[in-house]
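# Remarks on the overall topology
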Number of protein chains: 2
Amino acid sequence: MSREIRRTMPLLSMSIVMQLTELSARQIRYYEEHHLIEPHRTEGNRRMFSLNDVDILLEIKDYLEQGMNMAKIKKIFAKKSDPVAAEEPDLTDTELRRIMREEMRQAQRMQKSSIRRGDLSRFY
Amino acid sequence: MSREIRRTMPLLSMSIVMQLTELSARQIRYYEEHHLIEPHRTEGNRRMFSLNDVDILLEIKDYLEQGMNMAKIKKIFAKKSDPVAAEEPDLTDTELRRIMREEMRQAQRMQKSSIRRGDLSRFY
DNA sequence: TAAAGATGTTAGGTTTCCTAACATGGTTTT
DNA sequence: AAAACCATGTTAGGAAACCTAACATCTTTA
């Protein structure tokens, strides 16, 4: 049957994606600006999202809540879709510096959290 | 996770249901009038359909293409959702007569088609 | 020929979405 | 500390999609 629902079919309007993800329209459009999603467009230029888009948005939301910034998140997705080309990123200087900063922050966070998780406090 | 997509979640706007089913908006609204579907409404009164609604619409379309009329189709769905109460239908006389007519026509069709399938023509 | 059924079409109004711009409150950078 | 940047909010003006209600049309039935 061709009546199957594919993850990439553009089925969903802005409003329901907002509901499903609990993101604002502004946020969703902003992430599109950064090419993290590329929703389909109707003839009348309205965005139509796929279930896949929703998944990506939820992932983005998760990263943001963990304190990552756009630059870092972009890098993650770039690595996912093409782990090789991700070695030599074509990012602006500013973005690069941001990423490195974020990288360090993440490292710190990992330390802290793993201490909590593993309860290594006895070593201090 | 509550991130699961349920068949009954009202996710789909009119336009994409039109695409998925190849029915006109007029038709879809008409079938709603006859209570074959009951799409959810947004705060702004726009219909939102579930995947389940789409299935039902496709089923309706199928029946229509087989030559059934609304009255018959309604009866089929009534029987499905409540096979017992379907015994004593509270339909208008007109609808009832329509159904009986349709019933006979279906009987004829069944005969014809089963003849073709089983190739009983040798008995004639 | 008139009634009923199923769908098309049109009109006028409302909701949802669009882009573009400016506003804002944190962070960085200088 | 001032300037720049990031991520998001907000607003304005316009267009697309949708709504209901009514009338039109074509088939089938009475």
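For clarity, every value in this text was computed on a predicted model and none was experimentally measured. (Residues numbered from 1 in each chain as written. Chains lettered and ligands numbered in written order. Predicted model: local features only at pLDDT ≥ 70, side-chain atom pairs only at ≥ 80, totals over all residues. Heavy atoms only, no water.)

It takes a turn of 180° to lay chain A on chain B, together with a shift of 0.0 Å along the axis; the resulting RMSD is 0.0 Å. Both copies are brought into coincidence by an operation consistent with a two-fold rotation axis. Closest approach to the rotation axis among the C-alpha atoms of chain A is made by Leu 12 of chain A, whose C-alpha sits 3.1 Å away. (Least-squares fit on C-alpha atoms with pLDDT ≥ 70 in both.)

Here, UniProt's "domain: HTH merR-type" (unreviewed entry) annotation points to residues 11-79 of chain A. Helix makes up 61% of residues 11-79 of chain A and strand 6%, and the two end C-alpha atoms of the span are 27 Å apart. (UniProt positions renumbered as here; feature names shortened; annotations may be inferred. Helix = DSSP H or I, 4+ residues; strand = E, 2+ residues; numbered from the N terminus.)

For the rest of this paragraph, the subject is the confidence of the model for chain A. Looking at chain A, the pLDDT average stands at 79 and 66% of residues meet or exceed 70. Confidence drops under pLDDT 50 across residues 110-124 of chain A; counting only partners more than four residues distant or on other chains, this segment forms three contacts. (pLDDT = per-residue confidence, 0-100. Contact = heavy atoms within 4.5 Å.)

Turning next to the interface of chain A and chain B. Contact residues are listed per partner, giving eleven residues for chain A and eleven residues for chain B. Inspection of the chain A/chain B interface yields zero residue pairs in polar contact (both at pLDDT 80 or more). A per-class count over the side of chain A that touches chain B returns ten nonpolar, no polar and one charged. (Polar contact = N/O pair within 3.5 Å; in protein donor to acceptor, adjacent residues only side chain to side chain. Nonpolar A, V, L, I, M, F, W, Y, C, P; charged D, E, K, R; others polar.)

A separate point is the packing of aromatic side chains. Residue and element names in this part refer to chain A. Going through the model one piece at a time under the given rule, you end up with four aromatic pairs over all chains. Note on Tyr 30 and Tyr 31: the rings are 6.1 Å apart at their centroids and 65° apart in plane angle, and the pair reads as edge-to-face. On the basis of relative accessibility, which here comes to 3%, the residue Tyr 31 falls in the buried class. The interplanar angle of 70° and the centroid separation of 6.2 Å between the aromatic rings of Tyr 63 and Phe 77 together place this pair among those described as edge-to-face. Of this pair, Tyr 63 sits in helix H3 (residues 51-65) while Phe 77 sits in helix H4 (residues 70-81); the two residues are 14 residues apart in sequence, bridging distant segments of the chain. The exposure class assigned to Tyr 63 is buried, which follows from its relative accessible area of 14%. (Phe/Tyr/Trp six-rings, centres within 6.5 Å; stacked < 30°, edge-to-face > 60°. Buried < 20%, exposed > 50% of the residue type's maximum accessible area, 1.4 Å probe, protein only.)

All names here are of chain A. Tallying each qualifying case throughout the model produces nine salt bridges over all chains. For Arg 41, the salt bridge is made with Glu 32, and the minimal N-O distance between the two is 3.4 Å. Across the pair Arg 47 and Glu 32 runs a salt bridge, and its minimum N-O distance is 2.3 Å. Here Arg 47 is found in strand E2 (residues 47-48), whereas its partner Glu 32 is found in helix H2 (residues 25-33), with 15 residues between them in sequence. Like Glu 32, Arg 47 is buried. By sharing partners, the salt bridges in this structure join Glu 32, Arg 41 and Arg 47 into a single network. (Salt bridge = Lys/Arg side-chain N within 4 Å of Asp/Glu carboxyl O.)

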